[in-house]
Each structure stands twice: as structure tokens, then as C-alpha cells.
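Each chain is listed here by its residues.
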Amino acid sequence: MSSPRSRKALDDIPLYKPGKTAADENFKLSSNENPYGPLPGVMERAATQLGRINRYPDAGMTVLYDALAKKFALGPDHFAAGTGSVAVLFALLNAHCEAGDEIVYAWRSFEAYPIAADLTGATTVRVPLRADATHDLDAMADAITERTRVVLVCTPNNPTGPIVRHSDLVEFLAKVPAGIIVVVDEAYVEFVRDPEAADGLALLAEHENVVVLRTFSKAYGLAGLRVGYAIAQPSVAESIRKATAPFSVTDLAQAAAVASLDSEAELSARVESIVKERETMLTALRDQGWDVPEAQGNFVWLRLGDDAMEFAAACDPVSVRPFAGDGVRISVGDPAVNAEFVSLAAGWLVDHG
Ligand code: PMP
């Protein structure tokens with residue numbers, strides 16, 4: 001008897017590999033999580049939803065879209081939310097790509113890109129990062145063909161850390177035909193301090209084909225509740241909403257997201273301390289002799305090549321994120337754990353340097 005057969009496109013798609021857990025959660029520097037708990041007032045507002053979980057959530061996400069509309073001074077029809085920006089990306093690619101199309105993105109970049117892209121049946125075109133771990137936008141523009149439907153630009157780039165410069169992205173967009181969507185994935189935008197960094201929202205105002213992805217998982221510290229969103233022209237936002245399973249973002253998550261938007265001052269203070277910690281780690285690692293690329297997210301990247309897996313194992317009990325044959329990404333976590341990691345990195349150099 002033959003067993004059910006999934007689509008051929010799935011044959012080469014790996015299961016998404018989450019960052020390794022740690023016995024003590026504070027030691028988990030493998031998933032770019034926020035070490036702080038929910039912002040003030042968030043638990044209370046979310047808890048008001050607990051007593052009514054017999055009801056379906058607001059599928060129209062009206063309160064969330066209204067709050068985002070206010071924050072960005074755009075109409076609510078410019079937004080499409082989902083269970084994390086990763087789900088929004090899956091929906092966007094499903095809505096716009098199919099077999100025969102091409103999706104262009106830099107590599108190495110976010111691990112979910114190949115999965116989301118390949119799942120559509122479209123062909124993936126990976127453009128290698130430059131030696132300094134930045135996007136090679138000239139090569140990405142050259143990779144565009146009449147089959148290209150979507151280009152993914154991750155700034156700051158996960159896992160390597162550098163931003164895409166605004167002027168470079170402006171130049172790039174001038175070369176991209178208007179019918180091709182350019183996704184500017186700004187999952188870590190709140191941590192960016194480089195004044196030359198790309199401003200996706202400014203580009204959105206000038207280019208109908210730009211889609212900005214944002215998330216409540218990183219700076220806002222709501223990774224466990226799963227809320228992310230796209231900001232796009234209304235027609236594109238609508239295509240994403242159509243391709244998203246209804247009722248996916250719970251009222252609990254919507255309430256927590258909206259409450260988080262009301263805590264901007266506390267958010268800024270937390271983000272600032274994470275940025276300070278990032279700079280402390282970066283300086284310490286560079287002083288030890290590591291060649292660390294610019295780090296503009298809540299993580300740093302060590303180029304370890306074939307030593308990546310061994311290095312990650314040597315970091316125990318600190319859990320970091322290795323990419324075999326390439327490098328290791330370390331999230332900025334609790335200061336004491338960051339310091340412990342920095343001394344483990346020094347120890348590695350003594351043994352292997
Ligand atoms: N984009 C990038 C670049 C990311 O690193 C992540 C999370 N690792 C996401 C999107 C997705 O985040 P979420 O689904 O939690 O919103």
C-alpha cells in the first residue's frame with residue numbers, strides 16, 4: 001500500500017532547526033531572544049483575554065491594526081499580521097510565488113528563508129554575502145531575471161549582523177522592476193545604531209513594491225506569543241492576509257502586542273541596555289583577536305568555518321547557535337551570561353588560536 005505523498009517541493013526542505021535550549025534559560029544565547037520579561041502592563045492586559053478563550057480571536061485584528069496605523073501614521077489597510085513575521089513571510093511568498101518563479105536572497109541569511117521560498121515551488125537564487133558579511137546588492141540586482149517575483153533583504157542580517165546602507169538600497173530599488181516585491185526584513189531594526197542604515201519605511205513611501213517586515217519577538221520581548229507583521233501597499237497587504245490562516249493570532253497575543261506599543265519609553269530603555277551589552281561583547285571579542293563583523297542586531301557573529309560545531313560544544317553550558325562549516329551566532333543576553341561567553345571565547349583562542 002502506498003503512503004500519502006507530500007509535494008515534491010518538500011523533498012529537499014529541511015525542518016527548521018530552533019536554537020538549542022539550555023538547562024538554565026538564562027544561558028540560552030541561541031535564538032536571539034530578549035533576556036527581559038514582558039514590558040510593564042503587558043501581562044495584565046493579556047490576562048484580561050484569558051477568561052474568554054472560549055471565543056475565537058478577532059480575525060480582522062482591528063485593534064492591533066489600528067494601533068499600528070497610529071504608530072506609523074498609515075491606514076490600517078497597510079498592515080498584515082501573522083503568528084510571527086516568519087509566518088507573514090510564508091504567506092507573502094505563497095501569495096506571490098509558484099513553480100517557475102524565482103526568489104532572490106543573500107546567503108548566509110535567516111534560516112527560514114530557504115524553507116519559506118522552497119515551499120512555494122519557486123526556484124531559489126542565493127547571492128553570496130560579501131567578505132565583510134554584508135549584502136552584495138550589485139550581485140543581487142544582476143541575479144534578477146524576468147522570472148523573479150520577490151527579493152529578500154535582511155537588515156541587519158541574521159546571523160552575520162551588518163545592516164544594508166540606505167543609499168545602497170535606494171540605488172538597488174532603482175534597478176528593480178516595479179512588479180518585483182522587495183522585502184526589507186527589519187526584525188532587529190530597534191537595535192540599529194548605524195545612522196546610514198536602511199530605513200524601510202521611508203522606502204515604502206516611495207516604492208509600491210517594498211514590503212517591510214517587523215516583529216514583536218525581539219525588542220518587544222514577545223517571541224513566545226508569536227506576533228509579526230508586514231507593512232505594505234494595501235493591495236500587497238491584502239494578498240498576505242488572504243494567504244494567512246484565519247484566526248491565527250490569538251486575542252491574547254493581539255492584546256499583548258497592543259499593550260507593548262503603549263510602553264515605548266520602557267522599550268527604549270531596555271533596547272538601549274541590550275545595545276550597550278552588544279557593544280561590550282563586540283569590543284571584548286575584538287580585543288581578544290576575533291574578526292567580528294559589524295553587529296547591529298541583538299547578536300554577534302564569529303567566523304569559525306569548520307570549527308563552528310566544536311566551538312559551540314565548547315561553550316557549554318552557554319547555548320549558542322552554530323552553522324556548520326561557517327560560523328557561530330551568539331545572542332546578547334543577560335550581562336553575566338554574556339560575560340561568561342566572552343571568557344569562554346578567550347579560552348577557545350588560548351587552546352586553538
Ligand atoms: N526575520 C529575521 C531576520 C529573524 O531573525 C527572525 C527570527 N529569528 C524573524 C524574521 C522571525 O521572527 P518572528 O517569526 O518571531 O516574528
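Residues numbered from 1 in each chain as written. Predicted model: local features only at pLDDT ≥ 70, side-chain atom pairs only at ≥ 80, totals over all residues. Heavy atoms only, no water.

Considerations on the packing of aromatic side chains
Each aromatic ring pair is specified by the distance between its two centres and by the angle formed by the two planes. According to the stated counting rule, one finds 15 aromatic pairs in the structure shown. Ring centres of F79 and Y229 lie 6.3 Å apart, and the angle between their planes is 55°; this geometry places the pair in the tilted category. Of this pair, F79 sits in strand β1 (residues 79-82) while Y229 sits in strand β7 (residues 228-231), placing them 150 residues apart in sequence. Y229 shares its class with F79; the two are buried. For the ring pair F110 and Y113, a centre distance of 5.5 Å and an interplane angle of 80° mean the geometry is edge-to-face. Accessibility assignment for this pair places F110 and Y113 in one class, buried. Clustering of aromatic rings is evident, with ring pairs tying together Y16, Y105, W107, F110 and Y113. A cation sits over an aromatic face here: K71 above F72, 5.3 Å from the ring centre. Between the NZ or CZ atom of R126 and the centre of the ring of W107, over which it lies, the distance is 4.2 Å. (Phe/Tyr/Trp six-rings, centres within 6.5 Å; stacked < 30°, edge-to-face > 60°. Helix = DSSP H or I, 4+ residues; strand = E, 2+ residues; numbered from the N terminus. Buried < 20%, exposed > 50% of the residue type's maximum accessible area, 1.4 Å probe, protein only. Lys NZ or Arg CZ within 6 Å of the ring centre and 35° of its normal.)

Thoughts on the sheet that holds strand β3 (residues 123-128)
An order of β1-β7-β6-β5-β4-β2-β3 is seen for the 7 strands of this open sheet, with the pairing classed as mixed. A single partner strand is all that each edge strand has here, and the edge strands are β1 and β3. Neighbour-to-neighbour, the strand axes of this sheet turn through a mean angle of 20°, independent of strand direction. Bridge count for strand β4 (residues 148-154) against strand β5 (residues 181-185) is 5 bridges, and the pairing is parallel. (Pairing = 2+ DSSP bridges. Axes fitted to C-alpha atoms, helices over the stretch in contact; angles between N-to-C directions.)

Examining the domain arrangement of the protein chain
As assigned here, the protein chain comprises domain 1 (8-38 + 265-352) and domain 2 (42-261). Averaged C-alpha coordinates put domain 1 and domain 2 at centres separated by 23 Å. On the side of domain 2, 31 residues touch domain 1, which itself brings 29 residues to the contact. Interface area, domain 1 with domain 2, both sides summed: about 2,500 Å², of which 65% is carbon and sulfur. Joining domain 1 to domain 2, the criterion identifies 2 salt bridges. Its salt-bridge partner being E272, residue R193 comes within 3.0 Å of it at the nearest N-O pair. Applying the counting criterion to the domain 1 and domain 2 interface returns 12 residue pairs in polar contact (both at pLDDT 80 or more). Elements with a minimum of two residues in the side of domain 1 that touches domain 2: α10 (264-288), β8 (299-303) and β9 (321-323). (Domains from an automatic or database assignment. Contact = heavy atoms within 4.5 Å. Buried area = accessible area lost by both parts, 1.4 Å probe. Salt bridge = Lys/Arg side-chain N within 4 Å of Asp/Glu carboxyl O. Polar contact = N/O pair within 3.5 Å; in protein donor to acceptor, adjacent residues only side chain to side chain.)

What about the sheet that holds strand β10 (residues 327-331)?
Ordered by their spatial adjacency, 3 strands build an open sheet running β8-β10-β9, and the pairing between neighbours is antiparallel. Two strands in the sheet have a free side with no partner beyond their single neighbour: β8 and β9. Here the strands of the sheet are splayed against their neighbours by 20° on average, with no regard to which way each runs. With 5 bridges joining them, β8 and β10 adopt antiparallel strand pairing. Residue pairing for β10: V300 is matched across the bridge by I330.

Section: the packing of helix α3 (residues 85-96) against helix α4 (residues 112-119)
Relative to each other, α3 and α4 sit at 30°, their axes nearing to 9 Å. Considering their axes alone, α3 and α4 lie roughly parallel with respect to each other. Crossing handedness for the pair α3 and α4: right-handed. Where α3 abuts α4, its residues V86, L89, F90 and L93 lie against A112, Y113, I115, A116, A117 and L119. (Parallel < 35°, antiparallel > 145°, perpendicular 65-115°, else oblique. Left-handed = near helix turned anticlockwise from the far one by under 90°.)

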